[in-house]
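# Remarks on the overall topology
Letter by letter, the chains look like this.
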Amino acid sequence: QVQLVESGGGLVQAGGSLRLSCAAVRVTFSTYAMGWFRQAPGKEREFVAAIRWSGATTTYAASVKGRLTISRDSAKNTVYLQMNSLKAEDTAVYYCAGAIRNLYGVVSPLSYDYWGQGTQVTVSS
């Protein structure tokens, strides 16, 4: 069973930075893409960023473009989300996810086969 193990969440002041990590363990398939989603209290889960494993092309939500950067280390089967210039509205539980194939595009959560347990990010204003 594939596991996605997240780390790096926490409490930070507005304008600060955090780096989230997501390690994929017991991977027995080829990965098409890895993504980050987030869910704030009372809101639906929303797309944040994704990276295609082959070629490392990236896609970002408009609300985070220029502030958050997704990257991957193929040798470690790990994906990162570097978050700079954080705002109070970035407060949410952040989830990483893995897709085996491109079903509905990297923005749709329906494309993803595996999910991490989530890590809390809280930005104080």
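Residues numbered from 1 in each chain as written. Predicted model: local features only at pLDDT ≥ 70, side-chain atom pairs only at ≥ 80, totals over all residues. Heavy atoms only, no water.

## Describing the overall build of the chain
This is how the line gets drawn: In this text, helices come from DSSP runs of H or I with a minimum length of four residues, and strands from runs of E with a minimum of two, each type numbered from the N-terminal end. Values of the radius of gyration come from C-alpha atoms, whereas the globule rule sets the reference at 2.2 Å times the count of residues to the power 0.38.
The number of helices and strands found in the chain is zero helices and eleven strands. Along the chain, helices (α) and strands (β) appear in the sequence β-β-β-β-β-β-β-β-β-β-β when read from the amino end. Expected size for 125 residues packed as a compact globule is a radius of gyration near 14 Å; at 14 Å, the chain falls within 12% of this value. The principal-axis extents of the C-alpha atoms in the chain amount to approximately 40 × 25 × 25 Å.

## Points about the pairing of strand 8 (residues 78-83)
Look at any regular strand and the pattern is simple: side chains alternate between the two faces of the sheet. Keep this limit in mind: Buried, partly exposed and exposed residues are distinguished by accessible area as a fraction of the type maximum, computed with a 1.4 Å probe on protein chains only: under 20%, between the cut-offs, and over 50%, respectively. The criterion for strand pairing is that DSSP finds at least two bridges linking the strands in question.
Where burial is concerned, most of strand 8 is hidden: five out of the six residues are buried. Strand direction decides the pairing type here: strand 3 (residues 18-25) and strand 8, joined by six bridges, are antiparallel. Residue pairing for strand 8: Arg19 is matched across the bridge by Gln82. Bridge count for strand 7 (residues 68-73) against strand 8 is six bridges, and the pairing is antiparallel. Residue pairing in the sheet places Arg72 in a bridge with Val79 of strand 8. Counting the residues that bridge the hairpin from strand 7 to strand 8 gives four residues, and of these Asn77 lies at a positive phi of roughly 50°.

## What about a nonpolar patch on the surface?
What counts is decided by this rule: Residues enter patches when their relative accessible area tops 30% and they take part in no salt bridge; the joining distance is 9 Å for like charges and 5 Å for the nonpolar side chains Val, Leu, Ile, Met, Phe, Trp and Tyr. Areas reported here follow the Shrake-Rupley algorithm with a probe of radius 1.4 Å; residue values treat only the protein chains shown as occluding. By salt bridge we mean one thing: a side-chain nitrogen of Lys or Arg within 4 Å of a carboxyl oxygen of Asp or Glu.
Taken together, the side chains of Leu103, Tyr104 and Leu110 define a hydrophobic patch exposed on the protein surface, amounting to about 360 Å² of accessible area. Summarising the element assignment, Leu110 is placed in the loop between strand 9 (92-99) and strand 10 (114-115).

## A short note on the sheet that holds strand 8
Note the cut-off: All axes here are fitted lines through C-alpha atoms, helices being fitted over the stretch that makes contact, and every angle between N-to-C directions spans 0 to 180 degrees.
Ordered in space as 1-3-8-7, the four strands form an open sheet in which the pairing is antiparallel. Since the sheet does not close on itself, it has two edges, and those belong to strand 1 (3-7) and strand 7, each with one partner. The average angle at which neighbouring strand axes cross in this sheet is 15°, direction not considered.

## Considering the pattern of salt bridges
In total, this model carries three salt bridges according to the counting rule given. Close ionic contact of Glu46 with Arg38 constitutes a salt bridge, the shortest N to O distance being 2.6 Å. Looking at Arg38, the relative accessible area reads 6%, which means it is buried. Between Asp90 and Arg67 there is a salt bridge, with its nearest N and O atoms 2.7 Å apart. Of this pair, Asp90 sits in the loop between strand 8 and strand 9 while Arg67 sits in the loop between strand 6 (58-60) and strand 7, and the two are 23 residues apart along the sequence. Asp90 sits in the buried class, given a relative accessible area of 0%. Overall, the relative accessible area of 11% leaves Arg67 in the buried class. Sharing partners across several salt bridges, the network here consists of Arg38, Glu46, Arg67 and Asp90.

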